[in-house]
Amino acid sequence: AGWQRDLSVSHNKIGDLLRAQGDLAGAGTAYRASHAILERLAASDPGNAGWQRDLSVSHNKIGDLLQAQGDLAGAGAAVRASLAIRERLSASDPDNADWQRDLSVSHDRIGDLLTAQGDLAGAGAAVRASHAIIERLAASDPGNAGWQRHLSVSHIKIGDLLTAQGDLAGAGAAFRASLAIRERLAASDPGNAGWQRDLSVSHNKIGDLLRAQGDLSGAGAAFRASLAIIERLAASDPGNAEWQRDLWVSYWRLAQAAEASDPGGAMVWWRKAFVQLDGMNRRGIMAPADQQYLDALRQKVGGGSEQDAIALFNLADSHHSQGDLDAAEPLYRQALELDEPFIDFKCLLGLAMLYGERGRDREAQDTFARCVEVCRERLHGATTHYPAYTLAIALLGVGEPEQALAAFEDALRVNASPGAIDAALLDIGVLQRGRSPITGVEEVRQRLRRALPAPPEAPPVDHAVPPAADDAAPPAVGRNDPCPCGSGRKYKHCHGKLA
């Protein structure tokens, strides 16, 4: 029997893997193979509580899969079969906390299913049955973090149901109860990424509710609190598709909150959401279901491949200038992948300087060299000054100060405007960050500064202009008037003597 159970576990693991890969049919086959084994084991020894519980888990796996496939009737039958087993187990041993928690989870699953079917009243009854159980468990052991988290999830489910029923005040109370628990958990273990993400979800729930109530300012504050958390998580693991998705969803929420009062600010958030989701798509980690949102964002922000590349570069450059290298690096890469000749050399320069700041000297040198090569290609037929200036800075990066100075002379002949020169000086400052002194930099700086136009001369003084009021002669003071020095004595007995 032990080997048979092991075999059922293996089938379940294969099913989980296939489901994660999107192969729902293959997952169903694996889950049913496991289920058949567990049914035989449970029937052979109805008193074996462990096998009975295994069978209840199997019913839930099949129910979840059927719900994902849209078969709500079949899913309902499966989760109710699981509930029946768990009700018997918990009734047989009311003090068994694990079985009580299992029963709470089964009520939750039925609540989710009834919500999907539009039966909010039935869903409410199921969710509250689950809540009553987990509330008792959490109260019996306040130090059990797992039960506290389960209770926070239960508050969220109740809040969602109350929102759907139009009871926004009740929903707010539920969401805030969940937030209070999650704040305590996150504070108790700041390194627990799961609890940090839970906290960001709670902030979003409150933000969504405040937005529905018309409090856009409060909603924006809640969304920004969520964003601060999720930005840290997303930066810590660029390959985590869930956290990367959370990031563009946060941008989306902030855009919606700002659209009515600040359309320009909203467009910044819309563009950030587009850049993030489009980047996920290019890296192959975007969920297929999110294609509709990518299409909507593309239509919202407009533009084609070149505009996308420019938007990505500008966002990367902004992060880079603020010292946020973790956010800047993937954005430079995404812009570079678009292979747009208008901006690719700028992306290479940004990446090369970023590598230098991080001490990745070999990558920096290779990328500077590639940037020099691309800039020289772009100079042919160039319609802007950007390739010329970028080439000069990249030559400094590869350690060719004389060639860099000559390239700056060429660049100044193309465009010697203060804006172009100031931008080059800023780039040179970034080039030097975190690096040992670069030969020739000061000579280049001096040459660029000499090219800046001299400041305008001060206008000639017009002596006919009367002096300002502050410069006018003080009014006359009578001998018996109080002294202007504030001593309280008469003028003739104080400073009048000096006069």
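About the criteria used
- Residues numbered from 1 in each chain as written.
- Predicted model: local features only at pLDDT ≥ 70, side-chain atom pairs only at ≥ 80, totals over all residues.
- Heavy atoms only, no water.
- Disulfide = S-S within 2.5 Å.
- Buried < 20%, exposed > 50% of the residue type's maximum accessible area, 1.4 Å probe, protein only.
- Helix = DSSP H or I, 4+ residues; strand = E, 2+ residues; numbered from the N terminus.
- Expected span 1.5 Å × (residues − 1).
- Contact = heavy atoms within 4.5 Å.
- pLDDT = per-residue confidence, 0-100.
- Axes fitted to C-alpha atoms, helices over the stretch in contact; angles between N-to-C directions.
- Parallel < 35°, antiparallel > 145°, perpendicular 65-115°, else oblique.
- Left-handed = near helix turned anticlockwise from the far one by under 90°.
- Core = buried A, V, L, I, M, F, W, Y, C linked by side-chain atoms within 4.5 Å.
- Salt bridge = Lys/Arg side-chain N within 4 Å of Asp/Glu carboxyl O.

Draft legend 1. Region of interest: the state of the cysteines. Taken as a whole, this structure holds zero disulfides when the rule is applied. The cysteine Cys 371 is free of any disulfide, with Cys 375 supplying the nearest cysteine sulfur at 3.9 Å. You can call Cys 371 buried: its relative accessible area is 0%.

Draft legend 2. Examining helix α2 (residues 24-44) more closely. An ideal rise of 1.5 Å per residue puts 30 Å on 21 residues; α2 measures up with 30 Å between its terminal C-alpha atoms. Every buried residue of α2 is listed here: Gly 26, Ala 27, Gly 28, Ala 30, Tyr 31, Ser 34, His 35, Ile 37, Leu 38, Leu 41 and Ala 42. Among the structural elements, α1 (2-20) and α3 (49-68) are those in contact with the buried residues of α2.

Draft legend 3. View of the confidence of the model for the protein. Of the residues in the protein, 89% have a pLDDT of 70 or more, and the chain-wide mean is 85. Looking at the elements of the protein, mean pLDDT is at its lowest for helix α14 (residues 305-321), recorded as 79, and at its highest for helix α8 (residues 168-188), recorded as 96. Every residue in residues 456-477 is under pLDDT 50, and counting partners more than four places away or in other chains gives three contacts.

Draft legend 4. Representation of the packing of α1 against α3. Orientation of α1 relative to α3, taken along the N-to-C sense of each, is 20°, at an axis distance of 12 Å. The angle between the axes of α1 and α3 places the two elements in the roughly parallel class. Crossing handedness for the pair α1 and α3: left-handed. In this structure, α1 contributes Arg 5, Asn 12, Asp 16 and Arg 19 to the contact, and α3 contributes Trp 51, Asp 54, Lys 61, Asp 64, Leu 65 and Ala 68.

Draft legend 5. Molecular detail of helix α17 (residues 361-379). In this model α17 runs 27 Å from its N-terminal to its C-terminal C-alpha over 19 residues, within 8% of the 27 Å that 1.5 Å per residue would give. Every buried residue belonging to α17 is among Ala 364, Thr 367, Phe 368, Cys 371, Val 372, Val 374 and Cys 375, and all of these are buried. In the core, the buried residues of α17 are packed alongside α16 (344-357), α18 (386-397) and α20 (418-432).

Draft legend 6. The nonpolar core, seen in detail. By size, the foremost hydrophobic cluster in this structure holds 121 residues, and its most contacted members are Phe 368, Tyr 389, Leu 396, Phe 408, Ile 428 and Leu 448. No other element matches helix α11 (residues 241-259), which puts 10 residues into this core. Grouped together as the second largest cluster of nonpolar side chains are nine residues, Leu 38, Leu 41, Trp 51 and Leu 55 included.

Draft legend 7. Representation of the pattern of salt bridges in the model. Scanning the entire structure with this criterion turns up 25 salt bridges. Among the salt bridges present, the one from Lys 157 reaches Asp 112, with a minimum N-O distance of 2.8 Å. Here Lys 157 is found in helix α7 (residues 145-164), whereas its partner Asp 112 is found in helix α5 (residues 97-116), with 45 residues between them in sequence. On the accessibility criterion, Asp 112 (34% relative accessible area) is partly exposed. Of the charged contacts in the structure, one is a salt bridge between Glu 409 and Arg 447, with a shortest N-O distance of 2.6 Å. Of this pair, Glu 409 sits in helix α19 (residues 401-414) while Arg 447 sits in helix α21 (residues 441-451); the two residues are 38 residues apart in sequence, bridging distant segments of the chain. Linked by salt bridges that have partners in common, Asp 326, Glu 329, Arg 333, Arg 358, Arg 360 and Glu 363 make up one network.

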